[in-house]
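Understanding the architecture of this molecule
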Amino acid sequence: MTVHIGAQPGDIAPTVLMPGDPYRARWAAETFLKDARLVNEVRGMLGYTGTWNGNPVTIHGSGMGMPSLSIYANELIRDYGAKTLIRVGSAGAMQDHVKIRDVVLAQTATTLSTPSAGIFRELNFAPCADFGLLAAAHRVAGDKGITTHVGNIYSSDVFYDERPDLTEIMTRHGVLCVEMEAAELYNVCARHGARALAVLTISDHLITHEALPSSERERSFGEMIEIALGAAFA
Ligand code: ADE
């Protein structure tokens, strides 16, 4: 057991999918995994372990924002031996050609700051996805007829952003979308030799102000889980 995860040694699989929302973790485990069992519920952050196509998989919530994700990613890797960590979550589009429901594979993640800033100091470290996972996710999505955008995203510390100038700068530099966790997942995984990827569905649009209806959120979340599982075991 760790400070934030009540799982026993061996309860966490080498492959971990990380939605922000713990109830999404439960839904995904019950929907996609065989013999899923609850392995963590400390502070309501649910984690389940089961199998997918015979492969052991854990689906564990990350919470919202990089400080929360950092706690779980650190403990999953350092204390439980996780080797492949894939964020599955939602994002807000920052480009006209990126539409509601589209899937984005985050090749790299721009930030103002991350919990790793204290380590990197003056260094502008470039957090990036594991190329094998990224290429596999692109292939798996294509085989399912799901179009993906691959490129730079923005991992923000704020949902209610008061800096429209920043959004404009990022849009002008081709940043595809904004979310709140991927960059620190990539940092922590780089530090500890684990593979990382973020698979994101566009839930809202910063330019058109459209939003994905809540009735459709489950289906698009399911597609992300299928892409993530397919990529992890490709
Ligand atoms: N996740 C989904 N939409 C978002 C947004 N607009 N900003 C930050 N994170 C998000």
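Residues numbered from 1 in each chain as written. Predicted model: local features only at pLDDT ≥ 70, side-chain atom pairs only at ≥ 80, totals over all residues. Heavy atoms only, no water.

The next thing to look at is the overall build of the chain. Broken down by element type, the chain carries seven helices and nine strands. Taken against the 2.2 N^0.38 rule, which gives 17 Å for 234 residues, the C-alpha radius of gyration of the chain at 16 Å falls within 12% of a compact globule. Over its C-alpha atoms, taken along the principal directions, the chain stretches across nearly 45 × 40 × 30 Å. Counting the 234 residues in the chain, one finds 53% classified as buried. Across the chain, the fraction of contacts at a sequence separation of at least 24, relative to all contacts at a separation of at least 6, is 77%. About 10800 Å² of surface is accessible on the chain, with carbon and sulfur atoms providing 52% of the total. Within the chain, the 26 negative side-chain charges are centred at a point lying 4 Å from the centre of the 19 positive side-chain charges. (Helix = DSSP H or I, 4+ residues; strand = E, 2+ residues; numbered from the N terminus. Rg over C-alpha atoms; globule rule 2.2 N^0.38 Å. Buried < 20%, exposed > 50% of the residue type's maximum accessible area, 1.4 Å probe, protein only. Contact = heavy atoms within 4.5 Å. Areas by Shrake-Rupley, 256 points an atom, 1.4 Å probe, with all protein chains shown as cover. Lys, Arg positive; Asp, Glu negative; His and termini not counted. Charge placed at Lys NZ, Arg CZ, Asp CG, Glu CD.)

All right, on to the UniProt feature "binding site: a purine D-ribonucleoside" (unreviewed entry) in the chain then. Residues given the UniProt feature "binding site: a purine D-ribonucleoside" (unreviewed entry) here are H4, E179, M180, E181, S203 and D204. Spatially, the listed residues are scattered: they cover 201 residues, and their C-alpha atoms lie as much as 31.0 Å apart. The annotated residues that sit in the lining of the largest pocket are E179, M180, E181, S203 and D204. Along the chain, the position of E179 falls in strand β8 (residues 177–179). When neighbours within four sequence positions are excluded, E179 is seen to be in contact with R87, S90, A91, I153, Y154, S155, S156 and L200. (UniProt positions renumbered as here; feature names shortened; annotations may be inferred. 1 Å grid on protein atoms, 1.4 Å probe; cavity = no way out; pocket = protein on both sides within 12 Å on 5 of 7 lines; lining within 4 Å.)

Our next topic: the site of the ligand. Around the ligand, the neighbouring residues are S90, A91, G92, F159, V178, E179, M180, S203, D204 and L206. With respect to the ligand, the backbone of G92 contributes an N or O atom lying 3.4 Å from a nitrogen atom. D204 has a polar side-chain atom sitting 2.6 Å from a nitrogen atom of the ligand. Within the complex, the protein chains bury 89% of what would otherwise be the 260 Å² of accessible surface of the ligand. Of all the cavities here, the one that holds the ligand is the largest pocket. (Near = heavy atom within 4 Å. Polar contact = N/O pair within 3.5 Å; in protein donor to acceptor, adjacent residues only side chain to side chain. Sits in = over half its atoms within 2 Å of the grid points.)

Let's shift gears to the packing of helix α4 (residues 131–143) against helix α7 (residues 214–232). Running from N to C, α4 and α7 cross one another at 125°; their axes reach a closest spacing of 8 Å. With respect to their mutual orientation, α4 and α7 come out oblique. Viewed along their axes, α4 and α7 form a crossing whose handedness is right-handed. In this structure, α4 contributes L133, A136, A137, V140 and A141 to the contact, and α7 contributes E226, I227, G230, A231 and A232. When the residues that make up the contact of α4 with α7 are grouped by side-chain class, the tally is eight nonpolar, one polar and one charged. (Axes fitted to C-alpha atoms, helices over the stretch in contact; angles between N-to-C directions. Parallel < 35°, antiparallel > 145°, perpendicular 65-115°, else oblique. Left-handed = near helix turned anticlockwise from the far one by under 90°. Nonpolar A, V, L, I, M, F, W, Y, C, P; charged D, E, K, R; others polar.)

Let us now look at the layout of surface pockets. Each pocket or cavity is described by its volume, and for the largest pocket that value is around 850 Å³. S90, A91, F159, S203 and D204 are, among the 33 residues lining the largest pocket, the residues nearest its centre. Of all the secondary structure elements, the ones that give two or more residues to the lining of the largest pocket are β5 (84–93), α5 (164–172), β8, β9 (195–205) and α7. If you tally residues by element for the lining of the largest pocket, the top one is β5, at six residues. Here the lining of the largest pocket is built from residues that sort into 16 nonpolar, eight polar and nine charged. Residue lining of the second largest pocket: 13 residues in total, with T111, F120, L123, N124 and F125 positioned closest to the centre. Considered class by class, the residues forming the lining of the second largest pocket number six nonpolar, six polar and one charged. (Points joined across faces, edges and corners; volume = space filled by probe spheres on them.)

Contact geometry for helix α1 (residues 22–32) and α7: axes closest at 11 Å, N-to-C directions at 65°. By the criterion of interaxial angle, the relationship of α1 to α7 is roughly perpendicular. In the crossing of α1 with α7, the sense of the turn from one axis to the other is right-handed. Residue-level inspection shows R24, W27, A28 and F32 of α1 in contact with α7, the latter providing R217, E218, F221, G222, I225, E226 and L229.

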